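Tertiary structure, described
The chain contents come next:
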Amino acid sequence: MWGLPRPENFPILKRGGIRGVQTMPQVEERQTEVSPGRGWLPEELSSSGAAGLLLTLFEGHPDMVVITDDRGRIAGGNARLLEEFGYARQDLEGQPVSMLLPEEARARHEHDVLAYHRAPMARAMGSGIDLKARDAQGEHFSVDVMLWPFTVGERTFVVAVCRRLDAMLLRSHTHLRALVESVRDYAIHLLDSKGRILTWNAGSRRFYGLTATEALGRPFSILLSPEEVERGEPARRLDEAARLGRHRTEGWRSGADGRKAWLETDLTAMYNAAGRLTGFTRVVHDLTEHRLSVENLRKLNLELEQYRVILENIDEHAIYTLDAQGRVTGWGAGAQKMLGYSAEEALGQYYSIFATIEDRHQGAPEQELAEAASSGRCCTDSWRLRRDGTLLFTSGVLSAVKDECGGVVGYVRVARDRTEEKMFADAREQVAAELEHNVTERTRQLEATVEELRRKSEEAEAQAEFVSRNLREKEVLLREIHHRVKNNLQVVQSLLKMRARLLPEGEMREAFENTVERVHAMALLHERLYQMPHIEGLPLANYLRDLFRDLFASTSLEPGQVHLRLHADDIPLKLDFGIPFGLLMNELLCNSLKHAFPDGRKGNISVSVRRAEGAVRLIVRDDGRGLPENFNPAASASMGLKLALSLARQLGGTLEFSNDSGCRVQADLRRM
């Protein structure tokens with residue numbers, strides 16, 4: 001027994017081929033006279049009723065036949081076996097069958113025998129396994145072997161039919177195997193009539209990542225995807241190949257390494273001389289690189305078409321191509337618009353046709369081509385010649401197009417018309433020269449003027465220092481005045497308070513107390529102005545907060561009874577309007593504190609001072625008991641109310657009274 005077991009029914013190839021299948025030449029069998037009695041059968045077969053018939057078939061077989069037991073030892077052999085190997089029965093019986101193999105193959109063969117008997121199966125001749133035998137004289141020769149396991153009682157035997165290959169067949173077989181094995185871009189294998197794999201070449205191993213041991217004898221469906229197997233593709237393809245002689249598929253497949261490959265598969269049916277289906281050839285060609293090349297070529301053609309459309313529609317730049325010798329090969333709409341040549345007139349012309357006569361005499365076009373060829377590109381800013389003989393100034397790049405070996409195969413020229421810019425630049429240079437002359441003259445005049453201005457500047461600085469010193473003195477004086485006015489007002493306030501305490505309760509005393517509050521509002525304003533680092537204006541929010549605190553302290557309200565909510569923009573309170581605004585706020589806040597929250601009632605006073613439409617909008621509201629019914633400020637006899645109305649008019653506004661969950665007073669003061 002040689003090699004591992006393989007399936008039975010190896011296809012027989014018809015001479016001349018069937019439906020395009022190349023076949024192997026037939027080999028004439030040698031006829032050797034057999035001496036009766038030289039071969040022997042196992043004891044279990046010799047004792048059977050058909051022993052004579054079996055022995056006749058056994059001894060009359062034209063090939064070498066050896067029978068091995070389940071341990072791989074020789075249990076029987078025919079006369080042709082003894083004759084070809086040069087052994088007697090006693091030399092072989094009971095010996096390991098590996099003694100018929102070359103010494104270097106015996107150790108591996110013992111392992112193969114054990115593996116085979118764990119799952120014995122039939123194997124036909126022509127399975128593609130390269131087998132060698134060794135006779136009693138030590139000569140090696142090639143054989144093809146068929147294996148067939150069978151059972152007698154509880155014992156398993158294996159019949160091995162060995163066919164010696166002559167030199168011509170061996171040479172053809174070797175050449176064919178070498179050819180098939182050397183092809184790595186094709187996976188080539190034979191299938192039996194049921195689609196089981198009989199041969200496995202190097203290309204098959206590379207494509208599918210399976211060894212011959214893993215693939216031989218198994219259905220070819222192991223080479224398809226699970227989805228194809230589920231759809232019944234293996235059976236359908238075999239059926240179509242059997243009916244039509246050939247089935248062809250192509251598409252993307254995942255290889256053993258996970259790489260996507262485009263495979264073209266041909267499944268061809270093989271028939272014997274009687275026209276019976278004996279098997280199939282399956283050839284798989286890896287066309288991945290070709291497919292990718294086709295895809296890349298298609299994408300490249302698409303890109304080139306897109307570029308062509310783009311170039312043909314660009315009319316603001318002159319874009320054209322040249323061959324390696326500098327002749328025009330491509331002409332865009334922009335080039336025709338800029339240079340005036342039609343495509344028929346420009347194609348085939350030499351690059352120098354667009355150069356001026358001076359540049360041609362100096363060899364400028366050839367120099368540009370040489371620089372682009374050596375450096376890859378040549379940038380130019382130069383005058384060019386139109387078809388009508390007029391000149392235009394262009395700025396462009398001449399780029400070399402090179403092949404894979406670095407050789408120049410052409411050029412691409414892209415240029416932009418900058419004639420107007422050039423003329424403007426030239427005019428600007430001329431103007432700049434004139435200006436430089438004028439500037440020189442004017443500089444001389446200005447130097448004299450600067451000297452005069454410097455002298456006057458020194459005088460102005462001295463005057464400014466004098467004015468600044470006077471202003472500082474006046475500011476100090478003004479601060480002193482504010483301080484003195486504040487002190488005098490505080491004296492007046494104290495005198496009024498003393499006089500008010502001597503008066504009985506009544507209108508007179510209330511009038512004195514109101515006067516005290518008004519004097520305090522004016523004194524507070526002068527005090528804040530005195531404390532400010534600059535007297536341009538007083539921060540309004542800080543002044544109102546201090547005024548409310550002092551007013552609250554002068555009333556009989558409990559702490560926490562009334563809360564002030566102040567919302568004021570960053571408005572500086574000017575000195576001219578500080579006194580009337582302070583007195584106005586004093587009257588409005590005093591009115592809310594004294595009348596809105598009687599009998600310990602708690603509440604809130606909200607003051608909002610915002611800029612609005614060219615005025616300062618003042619809103620004072622409380623959530624107290626509100627205004628009396630049918631309240632008319634114009635008809636009121638209150639001295640404080642009359643004073644508030646007068647102060648509002650002085651500031652350019654009018655007080656508007658309303659009941660809104662309490663008293664609400666609003667005025668737009670347009671003079672602030």
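Scope of this entry: the structure provided in the associated data block. Everything numeric in this text was worked out from a predicted model, so none of it was measured. Every chain begins its residue count from 1, and numbering advances along the sequence as written. Local features in this predicted model are restricted to residues of pLDDT 70 or higher, and side-chain atom pairs are both shown and tallied only at a pLDDT of 80 or more, whereas totals for entire chains, interfaces and linings draw on every residue. Heavy atoms from the whole structure form the basis of all side-chain values; hydrogens and water molecules are not counted.

1. Considering the overall build of the chain
Quick reminder of the rule: Here a helix means four or more residues in a row that DSSP labels H or I, a strand means two or more in a row labelled E, and each is numbered from the N terminus. Throughout, a contact is declared for two residues whenever any of their heavy atoms are within 4.5 Å. Using a 1.4 Å probe, accessible areas were evaluated by the Shrake-Rupley method; residue-level cover was limited to the displayed protein chains.
Counting secondary structure elements, the chain contains 20 helices and 21 strands. Look at the contacts in the chain between residues 6 or more apart in sequence, and 54% of them connect residues 24 or more apart. Counting every atom, the chain has about 38,300 Å² of accessible surface; 52% of that belongs to carbon and sulfur.

2. A closer look at the nonpolar core
So the rule is basically this: Among the buried residues, those of types Ala, Val, Leu, Ile, Met, Phe, Trp, Tyr and Cys that are joined through side-chain atoms within 4.5 Å form a nonpolar core. The buried label goes to any residue with under 20% of its type's maximum accessible area, the exposed label to any with over 50%, and the partly exposed label to all in between, with areas taken from a 1.4 Å probe on protein chains only.
By size, the foremost hydrophobic cluster in this structure holds 41 residues, and its most contacted members are Phe 581, Met 585, Ile 605, Val 607, Leu 618 and Leu 655. At eight residues, helix H19 (residues 575-595) tops the list of elements feeding residues into this core. If we skip the residues at most four places from it in the chain, Leu 618 touches Phe 581, Leu 584, Met 585, Leu 588, Val 607, Ser 608, Val 609, Val 665, Gln 666, Ala 667 and Leu 669. One finds Met 64, Leu 82, Leu 101 and Leu 131 within the second-largest nonpolar core, a separate group that totals 24 residues.

3. Considering the environment of Leu 547
Looking at the secondary structure, you find Leu 547 in helix H18 (residues 540-553). Considering only alpha carbons, one finds Leu 547 and Met 585, 38 residues apart in sequence, at a separation of 8.5 Å.

4. Re the environment of Leu 538
Its place among the elements puts Leu 538 in strand S15 (residues 538-539). Taking the C-alpha atoms as reference points, Leu 538 and Leu 573, separated by 35 residues in sequence, lie 4.7 Å from one another.

5. Examining the sheet that holds strand S9 (residues 277-286)
Quick reminder of the rule: A pair of strands counts as paired when DSSP detects no fewer than two bridges linking them. Only C-alpha atoms enter the line fits that serve as axes; for helices the fit covers just the stretch in contact. Angles between N-to-C directions range over 0 to 180 degrees.
In space, the four strands of this open sheet follow the order S6-S9-S8-S7, with antiparallel pairing throughout. Either end of the sheet is taken by a strand with one partner, and the two such strands are strand S6 (186-192) and strand S7 (246-254). Going across the sheet, the axis of each strand differs from the next one's by a mean of 20°, ignoring polarity.

6. Details of the pairing of strand S10 (residues 317-323)
As a general feature of sheets, a regular strand has side chains that alternate between the two faces. Across the seven residues of S10, five count as buried, placing the element largely inside the fold. Where S10 and strand S14 (residues 408-417) come together, seven bridges link them in antiparallel fashion. Bridge pairing in S14 places Thr 321 opposite Val 412. The antiparallel hairpin formed by S10 and strand S11 (residues 328-331) contains four residues in its connecting segment, where Gly 326 sits at a positive phi of about 90°.

7. Here's the deal with the side chain of Asp 192
This is how the line gets drawn: Counted as a polar contact is a pair of N or O atoms within 3.5 Å, where, for protein atoms, one must be capable of donating a hydrogen and the other of accepting one, and residues adjacent in sequence contribute only when both atoms are in side chains.
Assignment of secondary structure puts Asp 192 in strand S6. A distance of 2.9 Å separates a polar atom in the side chain of Asp 192 from the backbone nitrogen of Lys 194. One polar contact links the side chain of Asp 192 to the main-chain amide nitrogen of Gly 195, over a distance of 2.9 Å.

8. Topic: unusual backbone geometry
With phi around 55°, Glu 613 is a residue other than glycine that occupies positive phi space. Turning to its location among the elements, Glu 613 is positioned in the loop between strand S18 (603-612) and strand S19 (615-622). Overall, Glu 613 belongs to the exposed group, its relative accessible area being 71%. Residue Asn 630 is not a glycine yet carries a positive backbone phi of 60°. Accessibility expressed as a relative area gives 75% for Asn 630, which makes it exposed.

9. Structural notes on the sheet that holds strand S5 (residues 155-164)
Strand order in the open sheet formed by five strands is S2-S1-S5-S4-S3, with antiparallel pairing between adjacent strands. Pairing within the sheet leaves two strands with one partner each, and these edge strands are strand S2 (74-77) and strand S3 (131-134). With direction set aside, neighbouring strand axes in the sheet form an average angle of 40°. Examined bridge by bridge, strand S1 (residues 64-68) and S2 share three bridges and lie antiparallel to one another. Pairing of Ile 67 across the sheet is with Gly 76, part of S2. Each of S3, strand S4 (140-152) and S5 is contacted by helix H5 (residues 103-118), which is oriented at about 20° to S4, the strand it contacts most.

10. Description of the pattern of salt bridges
Under the convention used in this document: By definition here, a salt bridge exists when the distance from a side-chain nitrogen of Lys or Arg to a carboxyl oxygen of Asp or Glu is within 4 Å.
On inspection of all chains with the given rule, the structure shows 33 salt bridges. Of the charged contacts, one joins Arg 248 and Glu 250 as a salt bridge, the two residues approaching to 3.6 Å between their closest N and O atoms. Glu 421 is the salt-bridge partner of Arg 416, the closest N and O atoms lying 3.3 Å from each other. According to the relative accessible area criterion, Glu 421 is partly exposed, its value standing at 39%. Counted as one network, the salt bridges with shared partners bring together Glu 228, Glu 233, Arg 236, Arg 237 and Glu 240.

11. Regarding empty space enclosed by the protein
Rules: Whether a set of points on the 1 Å grid over the protein atoms alone is a cavity depends on a 1.4 Å probe fitting there but being unable to get out, while an open set qualifies as a pocket with protein on both sides within 12 Å along at least five of seven lines; lining residues are those with an atom within 4 Å of a point. Grid points are joined across faces, edges and corners, and a volume is the space filled by probe spheres set on the points. Following the grouping adopted for this structure description, the nonpolar residues are Ala, Val, Leu, Ile, Met, Phe, Trp, Tyr, Cys and Pro, the charged ones are Asp, Glu, Lys and Arg, and the polar ones are all others, Gly among them.
Here the structure, examined in full by the defined rule, presents four cavities of 30 Å³ or more. What the second largest cavity holds in volume is close to 50 Å³. Taken together, Ala 318, Tyr 320, Met 338, Leu 339, Phe 354, Arg 384, Thr 394, Arg 413 and Ala 415 make up the lining of the second largest cavity. Contributions of two or more residues to the lining of the second largest cavity are made by S10, helix H12 (333-339) and S14. Classifying every residue of the lining of the second largest cavity by side-chain character gives six nonpolar, one polar and two charged.

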